[in-house]
Amino acid sequence: MSRIVCVWLKSWPIARLLRAAAKPSAAPSDTVDPGRPLVLVSSGAGGARIVALNGAAWRGGLAVGDLLSNARSKVLDLQSRDADPAADDTALRRLALWCLRYTPVVMPWSGHGGHSLFLDITGCAHLFGGEPGLLTDLARRLHRFGLHPRLAVADTAGTAWAMARFSLSSTQWSDRIGHQPHPEERAQRASRRVGNRTHATTAGTTDRDYSPSFETPAAPAPQDEVVRGHIIVPPGEQGDALRDLPLAALRLDDEAQATLSRLGFRRIGELMRQPRAPFTARFGTALLTRLDQALGRAPEPLSPLEPPPCYRAHAVFAEAIMTQSHVVEATTRLLHTLIPDLERDAVGVRVLRLMLFRLDGDVLALEIGLAAPSRSVQHIIRLIAMRLERLPMGLEADFGFEAAALHVLTADRITERQATLGIADDAGEPTGLSALIDRLEHRLGAGTVRRLHPRQSYIPERAVVALPAAEHPAADWRHKAPFGTRPPLLLAVPEQTDDDVLASVPDGPPRRFRWRGVQHDVAHVDGPERIAPEWWHPGQDAPERDYYVVEDTAGRRFWLYRAGRYGQGAESPRPVPGPLVVLSGAKDLAVEPSSTTAAGCHSERSEESFGSVRTAQEIPRSARDDSPAPTSSQASPTWFIHGVFP
C-alpha cells in the first residue's frame, strides 16, 4: 500500500519572492520589506487584482481577488509586485528536486488551492525513523528556508492534500483517531484550543480568512511549533478523515462546487451517503472520480519529477562537506553499497546521477553516462572526478553539502565472460574500448565520440550513420555489409573530377582522370557496380551510378563513379571510328586519331593533342559516320571520386 506525503504551500509566490529578494545578487528595485504589507497582482477584470499576499496585508483587511486600487485605499504603505507564475513553477521544481533526498518519487503540483508537493514515501520512511521522523525532519528543514508548510501523509494523494489543506490541527486529529496524550500535553492542547476558538471568533472560518502560511522567520521556531502541523492518517482510514471536510477538499472546479452548494451539500460525508447514479447524470464522471481517487477506489498515478532510479543509495553527513576530495570519498562509499545489489541482479551501471544537497536548499545534480554497463568502482569514480573538474564554476559548495544521493537511472545486463587465460586472449578489449570512450566523452563533452552503424540503404553515403558511441553499442556488420568492394575511407561529399575523364567507349571504364590537380593513368579497373537511386527518398530523379574500383600506374586505388549514362534520355550516337572519347560533364568531346596510339593511350604528343581537342560538332562530317549530329539532350555524364583505398 502506498503512502503519500503532501506538502501544502499556500503562499508559495510570496515565499519565492521574499527568498529571491534576500539574495545578495538581487537588484535594489527588487528588494521588499517583509514586515510591511505585500501583494502580488496580475491583470484581471476591472484592472490589476491580488493573486497572493503576506500576513501583514491579510491583517490589513486585504484578500485574494481584490482590486489593487481598492487595496491601496485600505492599506497606505502597501507594496505591490507583478506575479510571475513561470518563476514560481521553476522555484517549485527546484524545491521538488531538493526533496529527492527523502524519496525518489516527487511530484510538484500547482492548481486549485495553491502550490503543493507530493512525495511517495513507500518503503522510505524507516530510513528517517518512521513517518513522524520523516515529517519532522522535512518540516524543520523547510522552516530553515523560511517556509511554514502544512504536511499530511495518507494512503492516497487526494486524502493527503485534503488533510494538509482543510483538516483540523494535528492535535485535534490525534484526538479523533483515539490517541491518548500525556496529561501535561492534554493541558497544553486545551490552552491552544482556547486560543484557536478566540481567533476563529474574530477572524471567521472561510477560505479567504486563512492567514498565509509563509513568513520570513526572525528566529527559529520552537520544536513544538515546527511539529504541530503534521497530520498522519492511518492506513485505510481515508473515509473517516474526509467525512467532515468541505467539498473543496476534493479539488473540484468552481462550477461543480457552486452547483453542489445550491443542492445543499456542504461536506464530503454527505456525498458518500448518497446514490452515485444521480451524480453521474448531473456532473459526469469528474466528481465521482475525484471522490474515488481520494478514497483509494480509483488510481491517481503521480508523474514524478525525475524517473525513479533502478538502484539508489543515500547518505546524510554529520557535518557538511565542502571539498571535491570529500565528495569523491562519499561517492565511493555510496557506490560500494550499490555493488552487491548490482552483482545480485547481474547488471551494470549505464546512466548514473549524483545529487549533492546544499545547506541552502540548492541541489547539484551530475548525470554520468557509460558506453557499456560497468560495476567497476574505480572506473566510475574516475569519471565522476573528471566531471567535477569540468564544472564551469568549479564545485560551488557555499556552506557545504549536508547529504548526497546516488541514483542508477539505467542498468543493463552484463554478460559474464571467462577470465583471461593467456596472452592471446582478447576478452578484455571491448571493456577497454568502452572505458576509453567514457574517458574521451567526459574529457571532450557528451556526444563528441561517435561510432558508425549500418543503415538499410544501397546509396553509399546513406548506408552508414554516425551515432554517439556512449549511447549505442557496437553494431554487428556481418549480416549488414553491402555487396561489392567498399573503400575504408569514404569522402563526406563526392568530389567531381577536375577535368575530362578519358574512356575507350562512352559507357566504358575510365582510362585517365584528373583529381585535385593530379592526373592519374588507370592501369587496372574493376566494375562497374550499378546503384540506382532510391525513389522513396528526396532526389529520386537523380541519375543512376556506375561505380569502378581503379588502380593507377603508381599503385594508388580509387573508388569513383559515373553519374548517369552517356546520352541518357536519347539514343546514344555511335562513336567515331578509331578515336577515344573524352567524357565531360559539359559536352561530348572527341580526340583526333592522330593524337592516340593503337593501345588506346595518349602518345608523346598527348598534351599538345589534348589542347587541340574539338567537339564532335566541329569535326567534319566526312570524318564521321552518317549518324545524325548529337543533340543537347545527349549530354555525357559526370564523374565523381567517392573514396580511396589505403
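Quick caveat: nothing in here was measured; it's all calculated off a predicted structure.

## Quick look at the packing of helix α15 (residues 324–344) against helix α16 (residues 377–389)
Contact geometry of α15 with α16 gives a least axis separation of 10 Å together with a crossing angle of 145°. Of the two possible hands of crossing, α15 and α16 adopt the one that is right-handed. Touching Q324, V327, V328, T331, T332, L335, H336 and I339 of α15 are V377, I380, I381, I384, A385, L388 and E389, all from α16. Of the residues assigned to the contact of α15 with α16, the class counts are 10 nonpolar, four polar and one charged.

## Remarks on the pattern of salt bridges
Summed over the entire model, instances satisfying the criterion amount to 28 salt bridges. A salt bridge links R530 to E544, with the nearest nitrogen and oxygen atoms 3.7 Å apart. With R530 in strand β18 (residues 518–531) and E544 in the loop between β18 and β19 (545–552), this pair connects stretches of sequence that are 14 residues apart. Overall, the relative accessible area of 45% leaves R530 in the partly exposed class. Residues joined in a network through salt bridges with shared partners are R101, D137, R141, R144 and E402.

## A few points about the sheet that holds strand β8 (residues 230–232)
With mixed pairing, five strands are arranged side by side in an open sheet as β5-β6-β1-β7-β8. Two strands bound the open sheet, and with one partner strand each, they are β5 (106–111) and β8. Each strand of the sheet is rotated relative to its neighbour by a mean of 20°, with strand direction disregarded. When β5 meets strand β6 (residues 114–120), the two strands line up antiparallel, connected through six bridges. Paired with S110 across the two strands is H115, which belongs to β6. Seen against the sheet, helix α4 (residues 85–98) touches β1 (4–9), β5 and β6 and runs at an angle of roughly 20° to β6.

## Focus: the packing of aromatic side chains
Aromatic ring pairs are defined here through the distance separating the ring centres and the angle between the ring planes. Per the stated rule, a full pass over the model turns up 15 aromatic pairs. Between W98 and Y102 the ring centres are 5.9 Å apart and the planes differ by 70°, which places this aromatic pair in the edge-to-face class. Y102 gets classed as buried once you look at its relative accessible area, which sits at 0%. What links up through ring pairs into an aromatic cluster is the set W98, Y102, F128 and F145. Directly above the aromatic system of Y102 lies the positively charged group of R101, at a separation of 5.4 Å from the ring centroid. Note that R251 overlies the ring of W109, its terminal NZ or CZ placed 5.8 Å from the centroid.

## Observations concerning a nonpolar patch on the surface
On the surface, L433, L436, L440 and L444 cluster together to form a nonpolar patch covering roughly 350 Å² of accessible area. Counting through the fold element by element, L444 comes out in helix α17 (residues 429–444).

## Structural notes on the environment of I232
Its place among the elements puts I232 in strand β8. The exposure class assigned to I232 is partly exposed, which follows from its relative accessible area of 27%. In the structure, I232 is positioned 80 residues away from A152 in sequence and 5.7 Å away in space, judged by C-alpha atoms.

## Focus on unusual backbone geometry
P528 follows G527 through a cis peptide bond whose omega is 10°. Along the polypeptide, P528 turns up in strand β18. Phi is positive for A346, which is not a glycine, with a value near 55°. Within the secondary structure, A346 sits in the loop between α15 and β10 (347–358).

## A short note on the confidence of the model for the chain
Here the chain shows a mean pLDDT of 76. Residues at 70 or above account for 76%. A low-confidence stretch, residues 569–634 stays under pLDDT 50, and its non-local contacts, those more than four residues away or across chains, total 95 contacts.

## Quick notes on the sheet that holds strand β11 (residues 363–374)
Ordered by their spatial adjacency, four strands build an open sheet running β9-β12-β10-β11, and the pairing between neighbours is antiparallel. Each edge of the open sheet is held by one strand with a lone partner, namely β9 (311–321) and β11. For this sheet, the mean angle separating the axes of adjacent strands, direction not counted, is 15°. Relative to strand β12 (residues 401–413), β9 is paired through seven bridges, and the arrangement is antiparallel. Bridge pairing links A313 to L406 in β12. Against the sheet, α16 makes contact with β10 and β11, and its axis sits at roughly 140° relative to β11, the strand it touches most.

## Here's the deal with the side chain of E441
Relative to the assigned elements, E441 resides in helix α17. Here E441 is buried and forms no salt bridge, its nearest opposite-charge partner R450 lying at an N-O distance of 7.9 Å. Apart from the residues within four sequence positions on either side, E441 is in contact with A446, G447, T448, V449 and A470.

## Details of the pairing of β6
In terms of residue burial, β6 counts as a mostly covered element, since seven of its seven residues are buried. Where β1 and β6 come together, six bridges link them in antiparallel fashion. Looking across to β6, one finds that I4 is bridged to D120.

Criteria and cut-off values
- Residues numbered from 1 in each chain as written.
- Predicted model: local features only at pLDDT ≥ 70, side-chain atom pairs only at ≥ 80, totals over all residues.
- Heavy atoms only, no water.
- Axes fitted to C-alpha atoms, helices over the stretch in contact; angles between N-to-C directions.
- Helix = DSSP H or I, 4+ residues; strand = E, 2+ residues; numbered from the N terminus.
- Left-handed = near helix turned anticlockwise from the far one by under 90°.
- Contact = heavy atoms within 4.5 Å.
- Nonpolar A, V, L, I, M, F, W, Y, C, P; charged D, E, K, R; others polar.
- Salt bridge = Lys/Arg side-chain N within 4 Å of Asp/Glu carboxyl O.
- Buried < 20%, exposed > 50% of the residue type's maximum accessible area, 1.4 Å probe, protein only.
- Pairing = 2+ DSSP bridges.
- Phe/Tyr/Trp six-rings, centres within 6.5 Å; stacked < 30°, edge-to-face > 60°.
- Lys NZ or Arg CZ within 6 Å of the ring centre and 35° of its normal.
- Patch = residues over 30% accessible without salt bridge, like charges linked within 9 Å, V, L, I, M, F, W, Y side chains within 5 Å.
- Areas by Shrake-Rupley, 256 points an atom, 1.4 Å probe, with all protein chains shown as cover.
- pLDDT = per-residue confidence, 0-100.
- Lys, Arg positive; Asp, Glu negative; His and termini not counted.

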